[in-house]
Amino acid sequence: MARRELGPASLAVARAVADVLPSGPVVVGCSGGADSLALALGARWAATRRDADVRCVVVDHGLQQSSHEVARDVVALLTGQGLSAESRSVTVAADAPGGPEAAAREARLDELARDGHPVLLGHTLDDQAESVLLGLLRGSGTRSLSGMPGVREPFIRPLLGLRRATTVAACEEWGVQAWQDPHNDDDRFRRVRARRHLDDLSAALGRDVAPALARSAELARVDADFLDNLASEASSGLDLTGDLLVTEVADLPEALRLRVLRDWIASHGARSVAMVHVLAVDALITSWKGQGPIDVPGGRVQRQGAAIHHSPR
């Protein structure tokens with residue numbers, strides 16, 4: 001049973017965490033912001049009920065001048081709340097491919113997953129809506145529109161059904177002061193611009209669009225998972241690390257063929273494959289007119305007779 005000392009917002013957070021918290025060692029990623037701080041306190045509440053051993057990890061990206069002090073203060077706040085916590089530093093290049101925002105995210109997730117334990121992340125419904133909007137702008141299909149999954153091992157996102165306002169209120173009910181990341185107001189970052197445009201769109205339409213976008217993400221994920229499974233079956237007999245014969249994929253339904261080609265490009269070392277690259281390679285199969293080589297992440301693709309060949313840069 002829930003304890004009466006919890007207010008409505010903190011109880012909502014705590015129950016959301018308890019519903020998915022696994023037993024045993026669990027890592028909670030905590031930046032000190034309202035979302036992750038509420039997540040950590042919700043995990044503290046749920047830990048004894050789920051026989052979990054919760055440890056909070058604050059990842060210091062070093063991208064802000066005071067990042068070391070912020071990480072230290074967040075660890076002190078968490079330990080003062082009875083949580084086990086530590087700070088870990090990662091190196092993020094300011095000129096990293098895809099920008100420092102993406103590089104910091106990858107470095108953070110890698111560090112949180114380093115111990116091999118389940119990892120709780122504090123993304124909310126508002127974050128999900130922003131992800132869907134960014135996916136729309138990328139134009140990369142249903143997988144891009146499916147946003148962030150609630151569970152994709154080792155990562156678990158218990159708060160995807162809750163609003164950001166709920167985590168802010170939960171921190172107030174728990175009597176803790178969340179850190180305000182200045183990057184959350186920096187228009188250099190796409191997610192910040194997406195957040196503001198969502199607010200503008202909601203105001204213009206006279207309705208909150210975030211819940212509808214989050215529901216769309218759930219539906220898109222169902223479709224994307226189904227099609228990805230079919231594509232995996234279709235490519236099960238193919239050697240995705242070598243040349244791809246045109247006859248092996250030409251007759252596949254387009255939704256499956258594009259996924260097979262995406263996986264084929266990725267299997268040659270591409271970390272991120274955009275739909276524009278997939279469509280260009282697909283044209284070598286379906287609209288062959290003697291086109292020249294095509295640049296893709298990490299290499300170059302060209303048609304050689306009846307085969308599609310990948311060569312590294």
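The preceding data block contains the structure.
Described in the following lines is the structure provided in the data block. Position numbers for residues count from 1 along each chain, tracking the sequence in the order it is written. In keeping with the predicted nature of the model, local features appear solely for residues at pLDDT of at least 70, side-chain atom pairs appear and are counted solely at 80 or more, and the whole-chain, interface and lining totals rest on all residues. In computing side-chain properties, one takes all heavy atoms of the structure into account and sets aside hydrogens as well as water.

### What to know about the side chain of H310
For helices the rule is a DSSP run of H or I covering at least 4 residues; for strands it is a run of E covering at least 2, with both sets numbered from the N terminus onward. The topology assignment puts H310 in strand β10 (residues 307-312). Summary of the burial criterion: residues with accessible area below 20% of their type's maximum are buried, those above 50% are exposed, and those between are partly exposed, where the area comes from a 1.4 Å probe applied to protein chains only. Of the residues examined, H310 reaches a relative accessible area of 8% and is grouped as buried. Only heavy atoms enter the contact rule, under which two residues are in contact if any of them lie within 4.5 Å. Look past the residues within four positions of H310 in its chain and what remains in contact with it is D243, W264, H268, V296, G298, G299, R300 and V301.

### A few points about the pattern of salt bridges
Opposite charge on two side chains permits them to pair, given that their charged atoms come into close proximity. When a carboxyl oxygen of Asp or Glu is within 4 Å of a side-chain nitrogen of Lys or Arg, the pair counts as a salt bridge. Scanning the entire structure with this criterion turns up 20 salt bridges. The closest approach of N and O atoms between D35 and R164, which form a salt bridge, is 3.9 Å. Remark: R164 occurs in helix α7 (residues 164-174) and D35 occurs in helix α2 (residues 34-50); sequence separation between them is 129 residues. In this structure, E86 engages R88 in a salt bridge whose closest nitrogen and oxygen atoms are separated by 3.1 Å. The exposure class of E86 is partly exposed, given its relative accessible area of 22%. Residues participating in the shared-partner salt-bridge network are R55, E86, R88, E111, R114 and D115.

### A short note on the packing of aromatic side chains
Stacked, tilted and edge-to-face pairs are distinguished by plane angle, under 30 degrees for stacked and over 60 for edge-to-face with tilted covering the rest, among Phe, Tyr and Trp rings (Trp via its six-membered ring) whose centres lie within 6.5 Å. On inspection of all chains with the given rule, the structure shows zero aromatic pairs. As a reminder, the over-ring test applies to NZ of lysine and CZ of arginine, requiring each to be within 6 Å of the ring centre and within 35 degrees of the ring normal. Its guanidinium or amino end placed over the ring of W45, R49 lies 3.9 Å from that ring's centre, counting from NZ or CZ.

### Overview of the nonpolar core
The set of buried Ala, Val, Leu, Ile, Met, Phe, Trp, Tyr and Cys residues whose side-chain atoms join them within 4.5 Å is what this entry labels a nonpolar core. Of all hydrophobic cores here, the largest spans 42 residues; its most connected members are V13, V17, V28, L78, L120 and W174. Breaking this core down by element, the ones donating at least two residues are α1 (8-20), β1 (24-29), α2, β2 (52-60), α3 (67-80) and α7. In terms of residues, this core owes the most to one element, α2, which gives ten residues. Not counting chain neighbours up to four residues away, the residues in contact with V28 comprise L39, A40, A43, V54, R55, C56, V57 and L120. The next biggest cluster of nonpolar side chains, apart from the first, holds 22 residues, and it includes V246, V278, L284 and I285.

### Some points on unusual backbone geometry
Between E153 and P154 the backbone carries a cis peptide bond, its omega angle lying at 5°. Of note, P154 is situated in the loop between β5 (151-152) and β6 (155-156). Residues other than glycine seldom take positive phi values, yet D51 does so here, at roughly 55°. Note on placement: D51 falls in the loop between α2 and β2. Residue class for D51 comes out exposed when judged on its relative accessible area of 62%.

### Structural notes on the sheet that holds strand β9 (residues 299-304)
Two strands in a sheet stick together by hydrogen bonds in their backbones, pointing the same way (parallel) or opposite ways (antiparallel). Read from one edge of the open sheet, four strands run β7-β10-β9-β8, paired in antiparallel fashion. With partners counted over all chains shown, the strands left at the sheet margins are β7 (244-245) and β8 (294-296), one partner each. Should DSSP find at least two bridges between two strands, the strands are regarded as paired. Examined bridge by bridge, β7 and β10 share two bridges and lie antiparallel to one another. Bridge assignment links L244 to a residue of β10, and that residue is I308. Along the sheet, helix α11 (residues 254-266) contacts β7, β8, β9 and β10; its crossing angle with β10, the most-contacted strand, is approximately 30°. Interaxial angles span 0 to 180 degrees and are taken between N-to-C directions of axes, which are lines fitted to C-alpha atoms, for helices over the stretch in contact.

### Considerations on the packing of helix α9 (residues 210-234) against α11
For the pair α9 and α11, interaxial distance at closest approach is 9 Å and the crossing angle is 70°. With respect to α11, the axis of α9 lies roughly perpendicular. Contact with α9, carried on its side by A224, L227, D228, L230 and A231, involves A255, L256, R259, V260 and R262 of α11 and no other residues of that element. Considering only residue class, the contact of α9 with α11 consists of seven nonpolar, no polar and three charged. Any angle between 65 and 115 degrees counts as roughly perpendicular, while under 35 counts as roughly parallel, over 145 as roughly antiparallel, and the rest as oblique. Note on residue classes: Ala, Val, Leu, Ile, Met, Phe, Trp, Tyr, Cys and Pro are nonpolar, Asp, Glu, Lys and Arg are charged, and everything else, Gly too, is polar.

### Let's talk about helix α12 (residues 275-286)
To estimate how far a helix should extend, the number of its residues minus one is multiplied by 1.5 Å. An ideal rise of 1.5 Å per residue puts 16 Å on twelve residues; α12 measures up with 16 Å between its terminal C-alpha atoms. For α12, the complete set of buried residues consists of V278, V281, D282, L284 and I285. Buried residues in α12, looked at end-on, bunch into an arc of 145°, giving them a common side. Here the buried face of α12 lies against α10 (246-249), α11, β8, β9 and β10. Arc definition: directions from the helix axis to the C-beta atoms.

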